[in-house]
Amino acid sequence: MDLSQADPKGLVRESYNIEGISYGECGQIFIDWVLSLPAVVDTPDYIRALIVHYALPNPNHPMSRVLTEALTAPTEPKRRGGRAARFADRP
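## A few points about the pattern of salt bridges
Here is step 1: By the definition in use, this model includes three salt bridges.
Here is step 2: A salt bridge links R65 to E69; its shortest N-O distance comes to 3.0 Å. Of the two residues, R65 and E69 both sit in helix α5 (residues 62-70), four residues apart, roughly one turn of that helix.
Here is step 3: R65 gets classed as partly exposed once you look at its relative accessible area, which sits at 46%.

Written out as structure tokens, the structure is:
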């Protein structure tokens, strides 16, 4: 995959060039990046391309962590709220 397809605005590239960038700032850049993609693309494939190009050579950069976590499935919620939680133990 061409890197210009995976990062058309260069948002991820620029995050790796910002000295002292935080994990939170990288998360915001990642959200901007996702929102800039066309709806029909396979986002995980794009993330993998970015990981290969940017994260593998820079494993300690906070954007590397954000990209890696983006491929991890979310965990199941530990607590249910509202009515469902109050009546979960009742027959």
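Right, picking up where we left off after that structure.
## What about the nonpolar core?
Here is step 1: Counting 20 residues, the largest nonpolar core has V12, Y16, W33, L50, M63 and L67 as the members making the most contacts within it.
Here is step 2: Contributing elements (two or more residues each) for this core: α2 (11-17), α3 (23-36), α4 (43-55) and α5.
Here is step 3: No other element matches the seven residues that α4 contributes to this core.
Here is step 4: Setting aside residues up to four positions removed in sequence, M63 forms contacts with V12, S15, Y16, C26, I29 and F30.

## A closer look at α5
Here is step 1: P62, M63, S64, V66 and L67 are the residues of α5 that are buried.
Here is step 2: In this structure, the buried residues of α5 make contact with α2, α3 and α4.

## A closer look at the packing of α4 against α5
Here is step 1: Direction vectors running N to C along α4 and α5 enclose 155°, while the axes themselves pass 10 Å from each other. Taken together, α4 and α5 sit at an angle that is classed as roughly antiparallel. Note on packing geometry: the crossing formed by α4 with α5 is left-handed. Where α4 approaches α5, its residues I47, L50, I51, Y54 and A55 are matched on the opposing element by S64, L67, T68 and A70.
Here is step 2: Broken down by class, the residue content of the contact of α4 with α5 amounts to seven nonpolar, two polar and no charged.

Cut-offs used in this document
Residues numbered from 1 in each chain as written. Predicted model: local features only at pLDDT ≥ 70, side-chain atom pairs only at ≥ 80, totals over all residues. Heavy atoms only, no water. Salt bridge = Lys/Arg side-chain N within 4 Å of Asp/Glu carboxyl O. Helix = DSSP H or I, 4+ residues; strand = E, 2+ residues; numbered from the N terminus. Buried < 20%, exposed > 50% of the residue type's maximum accessible area, 1.4 Å probe, protein only. Core = buried A, V, L, I, M, F, W, Y, C linked by side-chain atoms within 4.5 Å. Contact = heavy atoms within 4.5 Å. Axes fitted to C-alpha atoms, helices over the stretch in contact; angles between N-to-C directions. Parallel < 35°, antiparallel > 145°, perpendicular 65-115°, else oblique. Left-handed = near helix turned anticlockwise from the far one by under 90°. Nonpolar A, V, L, I, M, F, W, Y, C, P; charged D, E, K, R; others polar.

By themselves these figures say nothing about function.
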